[in-house]
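Overview (structure and organization)
If you want the building blocks of each chain, they are given just below.
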Amino acid sequence: MAEQFTVAVTEDVAELIDPAHPADPIAAQFVPAEAELTEAPEERADPTGDERWSPVRGIVHRYPDRVLLKPTLLCPVYCRFCFRREVVGKQGAVLDQASLARAFDYIRQRPQIWEVIVTGGDPFLLAPRRIADIVRILDQIPHLGVLRFHTRVPVVDPRRITSTLVEALAAEKAVYVVIHANHPRELTKQVQEAVLKLSRAGIPLLSQTVLLRGVNDDGAILEALFRRLVVMRVKPYYLHHADLARGTSHFRTGIASGQHLVRSLRGRVSGLCQPTYVLDIPGGYGKVPIGPCAAGQVGSSGEWIIEDGAGVRSFARCKGIAWLSCGAQIRIWRAL
Ligand SMILES: *Cc1c(COP(=O)(O)O)cnc(C)c1O
Ligand code: SF4
């Protein structure tokens, strides 16, 4: 069947799958489905345009101040909706030492690079000794301010978060870890313990979630997921609109329904539980927030319509040009 895309499931994920549930949200994320054979015309092999922005192997440099570094393209699981599904889990998926050295040189030679995002694949699949080497080398580059790791390991293979791995992340510079979680059921006791090891080491934690039809396109599920993350000391960072990877149309929702879900959380759920809803514009044009906008201008009159969390609209007149940075300058003079 969908043999062109790599398949893998960890023991922890296998235990979470409910075989009695025909549309189990955990199984849907990792077990190949017939629907993957359907390719929509708008889908592409490289939906986020990584290739276009890759000056040397293992580096993606799309924004001036930050680069992606991909030391491995292997993952502990292969998410069926993955935007890099054409490249992850393939032969030669680990960056060789010479290419890695060239990637470090690329970063060293460009003082405008402030942040390195170590991703893949999943960088936490590397041996802790190799992770420590990467951290040590990056830590010595003076113009870098932040090292950020993007990983699914704490959620799908929590036993890999050993004290050796946590020690490998120790650095002078700020090290952030961004975990990927899509459903509250993924956040088991073991996952909570793994994440706690990272936060006890002083590592700030963020999360990314992909909005997936039939998995988490539901206000109550997203609310439970984000609340549980925040309780685990993980700040929800991005809610990604699903990318146009080949064979993934069964996972995609419309943008309008994504906005509706985001709006339903606003005002009802703590601001700590609200990630930014983003779309990576197909073709490599970057990530942009696509959440519902509460403010709309009425023509060019300086008058605005502002919508609150309950959908109630107010009419606002702007007195000064700096109203967006100073709420006090908005005078609500009539409720619609
Ligand atoms: C997502 C992404 C980043 C990181 O973007 P942030 O908005 O800083 O999280 C950097 N480079 C590329 C190519 C990306 O796709
Ligand atoms: S862990 Fe990340 S990179 Fe790996 S298959 Fe899942 S979404 Fe793709």
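Notes on the structure follow.

**Some remarks on the site of ligand 2**
By nearness alone, every residue bordering ligand 2 is listed as C75, V77, Y78, C79, C82, R152 and H180. Spatially, ligand 2 is embedded in the largest pocket. Looking at the shell around ligand 2, its residues break down into five nonpolar, one polar and one charged.

**Remarks on the packing of aromatic side chains**
Here the structure, examined in full by the defined rule, presents three aromatic pairs. Taking 5.6 Å as the distance between ring centres and 80° as the angle between the ring planes, the aromatic pair formed by F81 and F251 counts as edge-to-face. One end of the pair, F81, is in the loop between β2 (66–69) and α3 (97–108); the other, F251, is in the loop between β7 (234–241) and α9 (255–265), with 170 residues separating them in the sequence. Aromatic side chains Y237 and Y238 sit 4.0 Å apart centroid to centroid with 25° between the ring planes, which places their arrangement in the stacked category. Residue Y238 is classed as buried on the basis of its relative accessible area of 18%. Between R85 and the ring centre of F5, over which it is positioned, the NZ or CZ distance is 3.6 Å. In this structure, R110 is placed above the aromatic ring of Y106, and the distance from its NZ or CZ to the ring centre is 3.7 Å.

**A few points about the sheet that holds strand β4 (residues 146–151)**
Pairing in this open sheet of nine strands is mixed, and the strands run β1-β2-β3-β4-β5-β6-β7-β8-β9 from one edge to the other. Across the chains shown, the open sheet's two edge strands, defined by having one partner strand only, are β1 (59–63) and β9 (286–289). On average, adjacent strands in this sheet sit at an angle of 25° to one another, irrespective of strand direction. Judged from the three bridges that link them, β7 and strand β8 (residues 276–281) form a sheet pairing that is parallel. Counted as the bridge partner of H240 is V278 from β8. Its contacts with the sheet place α9 against β6 (205–211), β7 and β8, and it is angled at close to 160° to β8.

**Remarks on the pattern of salt bridges**
Summed over the entire model, instances satisfying the criterion amount to 24 salt bridges. The salt bridge involving R246 is made with E39; its shortest N-O contact spans 3.0 Å. Here R246, found in the loop between β7 and α9, pairs with E39, found in the loop between α2 (25–30) and β1; they are 207 residues apart in sequence, far enough to count as distant. Here R62 and D280 are joined by a salt bridge, their closest N and O atoms 3.1 Å apart. With R62 in strand β1 and D280 in strand β8, this residue pair connects regions lying 218 residues apart in the sequence. No difference in accessibility class separates R62 from D280, as the two residues are buried. Taken together, the shared-partner salt bridges connect E11, D12 and R159 into one network.

What counts, and where the lines are drawn
- Residues numbered from 1 in each chain as written.
- Chains lettered and ligands numbered in written order.
- Predicted model: local features only at pLDDT ≥ 70, side-chain atom pairs only at ≥ 80, totals over all residues.
- Heavy atoms only, no water.
- Near = heavy atom within 4 Å.
- 1 Å grid on protein atoms, 1.4 Å probe; cavity = no way out; pocket = protein on both sides within 12 Å on 5 of 7 lines; lining within 4 Å.
- Sits in = over half its atoms within 2 Å of the grid points.
- Nonpolar A, V, L, I, M, F, W, Y, C, P; charged D, E, K, R; others polar.
- Phe/Tyr/Trp six-rings, centres within 6.5 Å; stacked < 30°, edge-to-face > 60°.
- Helix = DSSP H or I, 4+ residues; strand = E, 2+ residues; numbered from the N terminus.
- Buried < 20%, exposed > 50% of the residue type's maximum accessible area, 1.4 Å probe, protein only.
- Lys NZ or Arg CZ within 6 Å of the ring centre and 35° of its normal.
- Pairing = 2+ DSSP bridges.
- Axes fitted to C-alpha atoms, helices over the stretch in contact; angles between N-to-C directions.
- Contact = heavy atoms within 4.5 Å.
- Salt bridge = Lys/Arg side-chain N within 4 Å of Asp/Glu carboxyl O.

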